[in-house]
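# Coordinates in review
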Amino acid sequence: KMPPCDFSPEEYESYSYERMLKIRKQNLSPSLNMYYKKPLLLHQGHMQWLFDYEGRRYLDLFAGIVTVNVGHCHPKVTAAAQKQLGRLWHTTNIYMHPSIQEYVEKLTALLPDPLKVVYLTNSGSEANDLAMFMARVYTHNFDLICFRGGYHGASPYTLGLTSIGSYKHGVANGFGCQTTMLPDVFRGIWGGSHCRDSLVQTIRKCSCSQGCCEANDRYIEQFKDTLSTCVPKAIAGFIAEPIQGVNGAIQYPKRFLKEAFQLVRERGGVCIADEVQTGFGRTGSHFWGFQTHGVVPDIVTMAKGIGNGFPMAAVVTTPEIANSLAQNLHFNTFGGNPMACVVGSAVLDAIAEDGLQKNSEEVGAYMLLEFAKLREKFEIIGDVRGRGLMIGIEMVKNKDSRQPLPDEEMSPIWEDCKDMGVLIGRGGIYNQTFRVKPPLCITKQDAAFAVEVFHAALMRHLERTAAN
Ligand code: PMP
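Source: prediction; values computed, not measured. (Residues numbered from 1 in each chain as written. Predicted model: local features only at pLDDT ≥ 70, side-chain atom pairs only at ≥ 80, totals over all residues.)

### As for the overall build of the chain
Looking only at helices and strands, the chain features 14 helices and 15 strands. For the chain, the C-alpha radius of gyration of 22 Å lies close to 23 Å, the compact-globule estimate for 468 residues. With the principal axes as the frame, the chain shows a C-alpha extent of 60 × 60 × 40 Å. For the chain, the residues scored as buried account for 49% of the 468 residues in total. In the chain, the share of contacts with a sequence separation of at least 24, taken over all contacts with a separation of at least 6, comes to 75%. (Helix = DSSP H or I, 4+ residues; strand = E, 2+ residues; numbered from the N terminus. Rg over C-alpha atoms; globule rule 2.2 N^0.38 Å. Buried ≥ 20, exposed ≤ 12 C-beta atoms within 10 Å, placed from the backbone. Contact = placed C-beta atoms within 7 Å.)

Structural data, given as structure tokens:
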């Protein structure tokens, strides 16, 4: 049930759409991409729902960019934050506060050995900055390997790893960061239709009659080739998202990360899992994305869902790696702030108490299958993939060419979904993939509604193309 609108008529008036749009256009980072032709002016959020100023309700399938995992204004998380707000906002973690101690204890209990030392930071970029730094300090090596299409942050350091050209502005420093081929079995050179054709290979849990596994061997050969030709013999490490997020829920063949981690370790490097999008139950069957690959990384970075929208992030590593950093000072002001730790704890409680991981698995599997059925019906759906509530629907001109669906055809579908009450994310190197990553509290009924709306938007697309 929605809480009532708590704005006075005067306040409401001052937030008029035209005024907000004007301020936005004149005063807010002009390079910031704004979603929708008529951008949304939002007013309130409640769990999986968002409400705009005209009182329209939207099912949020993008969760504030894969962040609001337990739901907008989750009552228990909100209450915990409100309570702490009245007590103590900030100390820095040079002092102790029970919330800090309790939080790291709770967080590390969710991670396998030897991942037991936590560094609290403020954003995913900052977490990955620190992870890069750690890998270099620990190994005394410099070179880091990353995947094409990966997103690891927008700080000058992490932009070296973020391998999507448009974010680099032509000046990002990629020194020491080597981008390697992405084992993408849909758009990559190996894999292709034979990997995914039947609904029963049900979305690449890969009861593989060749397909992905054969492609895997070729991509691994390519990875070895990068290691032997593009970087010095000894490397600092390798970073990967367990499922690529910004690039549109790209899943690697099942064995890839396990084999790649071994090759990296043979070269003296450490393995970093960027769990900024995949962590905290997002992938359903496991709490962390790396667990779906049967690996244990040396460093795990997390942000987004960690605070359900509260700005916080973390790096978790082994005592051995942490000790190498303890030789000198490492500090940041806001990390480990009691507010963040209280919120972080409440988020972990909510995930457990509300059964969100299980819900993500069940509702995710249902949605994935329903979208996969639409793929059979519509020529412009090239691939449907993902795990839990991290789903990518890659749109193409047609299945044979696999050419990305151009924006003039993508956008109207996406706008129609919005007009029918469903907000979807966009992503992919060509902006060709719809990203479905809702709060993990979404119900099966909501999911059915979302699929119905997406189907209706695709039907409208067919009508438009028939009319032209
Ligand atoms: N890693 C991944 C996988 C991400 O998706 C993002 C953000 N999109 C980041 C790192 C950077 O996080 P932030 O925007 O909080 O700096």
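### A closer look at the site of the ligand
Every one of the 14 residues lining the ligand counts as a neighbour, but Ser123, Gly124, Ser125, Gly153 and Val276 are closest to it. It is helix 6 (residues 124-139) that contributes the most residues to the shell around the ligand, three residues altogether. Counted by class, the shell around the ligand contains four nonpolar, eight polar and two charged residues. (Near = placed C-beta within 6 Å. Nonpolar A, V, L, I, M, F, W, Y, C, P; charged D, E, K, R; others polar.)

### Observations regarding the packing of helix 5 (residues 98-109) against helix 11 (residues 338-353)
Between helix 5 and helix 11, the shortest axis-to-axis distance is 8 Å and the interhelical angle comes to 40°. Considering the relative orientation of helix 5 and helix 11, their crossing is left-handed. Facing helix 5, whose interface residues are Ser99, Ile100, Glu102, Tyr103 and Lys106, helix 11 presents Pro338, Cys341, Val342, Gly344, Ser345 and Leu348. In terms of residue class, the contact of helix 5 with helix 11 is built from six nonpolar, three polar and two charged. (Axes fitted to C-alpha atoms, helices over the stretch in contact; angles between N-to-C directions. Left-handed = near helix turned anticlockwise from the far one by under 90°.)

### What about helix 13 (residues 407-419)?
Helix length check: helix 13, at 13 residues, gives a terminal C-alpha distance of 18 Å against a target of 18 Å (1.5 Å per residue), a fit within 8%. Residues Met410, Trp414 and Cys417 constitute the buried set of helix 13. The arc that holds every buried residue of helix 13, seen down its axis, measures 50°, which confines them to one face. Looking at the buried positions of helix 13, the neighbouring elements they touch are strand 12 (390-395), strand 13 (422-423), strand 14 (425-427), strand 15 (433-436) and helix 14 (444-467). Two residues or fewer past helix 13, Gly421 is found with a positive phi of approximately 100°. (Expected span 1.5 Å × (residues − 1). Arc of directions from axis to C-beta.)

### Remarks on the packing of helix 12 (residues 356-377) against helix 14
Running from N to C, helix 12 and helix 14 cross one another at 20°; their axes reach a closest spacing of 10 Å. By the criterion of interaxial angle, the relationship of helix 12 to helix 14 is roughly parallel. When you trace helix 12 past helix 14, the crossing you get is right-handed. The segment helix 12 lies against helix 14, with Val363, Tyr366, Met367, Glu370, Phe371 and Leu374 engaging Lys444, Ala447, Val451, Phe454, His455 and Leu458. Of the residues contributing to the contact of helix 12 with helix 14, the split by class is nine nonpolar, one polar and two charged. (Parallel < 35°, antiparallel > 145°, perpendicular 65-115°, else oblique.)

### Observations regarding the nonpolar core
Within the largest apolar cluster, 121 residues are counted, with the highest numbers of intra-cluster contacts made by Ala135, Leu144 and Ala314. When residues of this core are assigned to their parent elements, the largest contribution, ten residues, is made by helix 11. Viewed by domain, this core spans two of them, domain 2 (79-353) and domain 3 (355-468), each represented by three or more residues. Not counting residues up to four positions away in its chain, the partners in contact with Ala314 are Leu107, Val118, Tyr119, Leu120, Thr121, Ala127, Met302 and Ile306. (Core = buried A, V, L, I, M, F, W, Y, C linked by C-beta atoms within 7 Å. Domains from an automatic or database assignment.)

### Some details on unusual backbone geometry
The residue after Asp113, namely Pro114, is reached through a cis peptide bond having omega 0°. Relative to the elements of secondary structure, Pro114 occurs in the loop between helix 5 and strand 4 (117-121). Positioned with a positive phi, His169 is a non-glycine residue whose angle comes to about 55°. Tracing the backbone shows His169 in the loop between strand 5 (144-147) and strand 6 (177-180). Despite not being glycine, Ala249 shows a phi value in the positive range, around 55°. Turning to its location among the elements, Ala249 is positioned in the loop between strand 7 (237-240) and helix 9 (256-266). On the basis of neighbour count, Ala249 is assigned to the buried category, with 29 C-beta atoms found within 10 Å.

### Let's talk about the sheet that holds strand 2 (residues 49-52)
One open sheet holds the four strands; their spatial order is 1-2-3-13, and the pairing between them is mixed. Both edges of this open sheet fall to strand 1 (42-46) and strand 13, since each of them pairs with a single strand only. Here two bridges tie strand 3 (residues 57-60) to strand 13, and the two strands are oriented parallel to one another. If you follow Leu59 over to strand 13, its bridge partner there is Val422. (Pairing = 2+ DSSP bridges.)

### A short note on the domain arrangement of the chain
The domain boundaries assigned to the chain delineate domain 1 (1-32 + 42-56), domain 2 (79-353) and domain 3 (355-468). For domain 1 versus domain 3, the distance between C-alpha centres works out to 26 Å.

### Thoughts on the sheet that holds strand 5
Judged by pairing direction, the sheet is mixed, and its seven strands sit side by side in the order 4-10-9-8-7-5-6 without closing on themselves. The open sheet is flanked by strand 4 and strand 6, the only strands paired with a single partner. Each adjacent strand pair in this sheet contributes to an overall mean axis angle of 20°, direction not counted. In this structure, strand 9 (residues 299-302) lies alongside strand 10 (residues 313-317), joined through four bridges in antiparallel fashion. The residue of strand 10 that forms the bridge with Thr301 is Val315.

### Things to note about helix 9
Here helix 9 has its buried residues at Phe256, Leu257, Ala260, Phe261 and Val264. One side of helix 9 carries all its buried residues, which in axial view fall inside an arc of 120°. Facing away from the buried side of helix 9 by more than 90 degrees, the exposed set consists of Lys258, Gln262 and Glu266. In this fold, the buried residues of helix 9 make contact with helix 8 (212-229), strand 7 and strand 8 (270-274).

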